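Structural features, examined
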Amino acid sequence: MKITVVGSGYVGLVSGACLAEVGNEVLCLDVDPEKIRILQEGGIPIFEPGLQEMVRRNAAAGRLHFTTDTEQAVRHGTIQFIAVGTPPDEDGSADLSYVLAAAANIGRLMTDYKVVVDKSTVPVGTGARVKAVIAGELRKRGVDIPYSVVSNPEFLKEGAAVEDFIRPDRIVVGAEDEQAILLMRALYAPFQRNHERLIVTDVKSAELTKYAANAMLATRISFMNELANLAERVGADIEMVRQGIGSDPRIGYHFLYPGCGYGGSCFPKDVKALIKTASDDAGLRLQVLSAVEQANEVQKHILAEKLKRRFGSLAGKHFALWGLAFKPNTDDMREAPSRELIADLFEAGATVTAYDPAAMHEARRIYGQDARLEFADGMMEALCGADALIIVTEWKEFRSPDFDAIKEHLKQPLIFDGRNLYDPKLVRGMGIEYFPIGR
């Protein structure tokens, strides 16, 4: 099947590569010539395990191509995925300008039947807007060409996106005509040979499903963070609480890990957008989600508050920071808790040496030549001369460190753990002051 993917960022590139992997002929379009140059030369502009090898393999096989030529891209695919960014506006709503521009280009240039698939995370009602934009462009041309608009939200976890696409938990397809549904079933058949995973809904229900899923996960995280803060005040251990409630099959263990707040390109943006959509389009105030968002903003400052309680003034202090990305196995620092922590430390007059296995190039882009932030080549090198170690991202290499070496490198044996990586009894038994979340 011939497929066009508009937008070669995180979602578009993963989707395009995985669809090419099962034999489709995929053309990825992007307006950024530098990004396309990198892809054509065998590189990738993001960090995602397994993706570069898949891109190179399918490009070499002639199944995956990259272009900046919009006309070529519209001509190529019967199925046209729109996978462009929907960044938040200042008021929290999703910016649909890129989505609607992509739709307009399809309407302006299409010459035969197209299935236009919204893969981007978009508010309820976007499918109707995309349909109207395409219809408007066809009217301008004075032509009547059939097309379908489908919502097919992505459920990809950064750091495991390739695996999530190849072995999906579910495939949600919002469509209202049989031809489009038939084509989408054929497209996804290779990814559900074991059992049926495709759920067909109307377009609006598919759009809301994506926001609802991310909002539910964000809610679990903020709920556990608030419980952790309570546990710390009353002398309970949040890890024991987590095991106690997670054993209930109605609750389960997933997304019950407390920490220093959620971040990334999805949860913060989607929670804000859902709150805004409910308010503006339905006249509803989503009180639970408003509290989730507020609780998360507070939680991102929890480590700085712990540091201030331990040290008093942070002026002149120097800290080692393990982790910059918002989660492991990605270089994404959008809305990352590390950024709020670094801002808090800078404001208090402290300096930082940071180490992250993947995100230091992104941190250098964000912070430039700021002398208050240095970067180390390794996790132990970051500790030299630091007043304490702060852990913000739960990379695997941080999970079983040499605690004796940590003590040797730090000025004083202090660890502030925003991800609860270690057993408090073990660490404290080695003579280290240990400050986790809720333990």
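Predicted model only: the values in this text are computed from it and were never measured. (Residues numbered from 1 in each chain as written. Predicted model: local features only at pLDDT ≥ 70, side-chain atom pairs only at ≥ 80, totals over all residues. Heavy atoms only, no water.)

In this structure the tally under the stated criterion is zero disulfides. Unpaired in this structure, Cys 18 has its nearest cysteine sulfur neighbour in Cys 28, at a distance of 11 Å. No disulfide involves Cys 266; its nearest neighbouring cysteine sulfur is the one of Cys 18, lying 16 Å away. (Disulfide = S-S within 2.5 Å.)

Viewed as axis vectors pointing N to C, helix 9 (residues 203–234) and helix 12 (residues 287–299) meet at an angle of 55°, and their least axial separation amounts to 9 Å. Between helix 9 and helix 12, the angle falls in the class oblique. Considering the relative orientation of helix 9 and helix 12, their crossing is left-handed. Listed contacts from helix 12 to Ala 215, Ala 218, Thr 219, Ser 222, Asn 225, Glu 226 and Asn 229 of helix 9 are Val 288, Leu 289, Val 292, Ala 295, Asn 296 and Gln 299. Residue composition of the contact of helix 9 with helix 12, by class: six nonpolar, six polar and one charged. (Axes fitted to C-alpha atoms, helices over the stretch in contact; angles between N-to-C directions. Helix = DSSP H or I, 4+ residues; strand = E, 2+ residues; numbered from the N terminus. Parallel < 35°, antiparallel > 145°, perpendicular 65-115°, else oblique. Left-handed = near helix turned anticlockwise from the far one by under 90°. Contact = heavy atoms within 4.5 Å. Nonpolar A, V, L, I, M, F, W, Y, C, P; charged D, E, K, R; others polar.)

Turning next to the layout of surface pockets. As a volume, the largest pocket reaches approximately 1600 Å³. If you go around the largest pocket, you meet 50 residues; those closest to its centre are Lys 157, Glu 158, Phe 255, Phe 267 and Lys 327. Residue assignment for the lining of the largest pocket shows that the elements contributing at least two residues are helix 7 (161–166), helix 9 and helix 10 (238–246). Residue contributions to the lining of the largest pocket peak at six residues, all from helix 9. Each pocket or cavity is described by its volume, and for the second largest pocket that value is around 1300 Å³. The wall of the second largest pocket is formed by 50 residues, among which Gly 9, Tyr 10, Val 84, Gly 85 and Arg 334 lie closest to the centre. (1 Å grid on protein atoms, 1.4 Å probe; cavity = no way out; pocket = protein on both sides within 12 Å on 5 of 7 lines; lining within 4 Å. Points joined across faces, edges and corners; volume = space filled by probe spheres on them.)

Just geometry here; none of it tells us what the structure is for.
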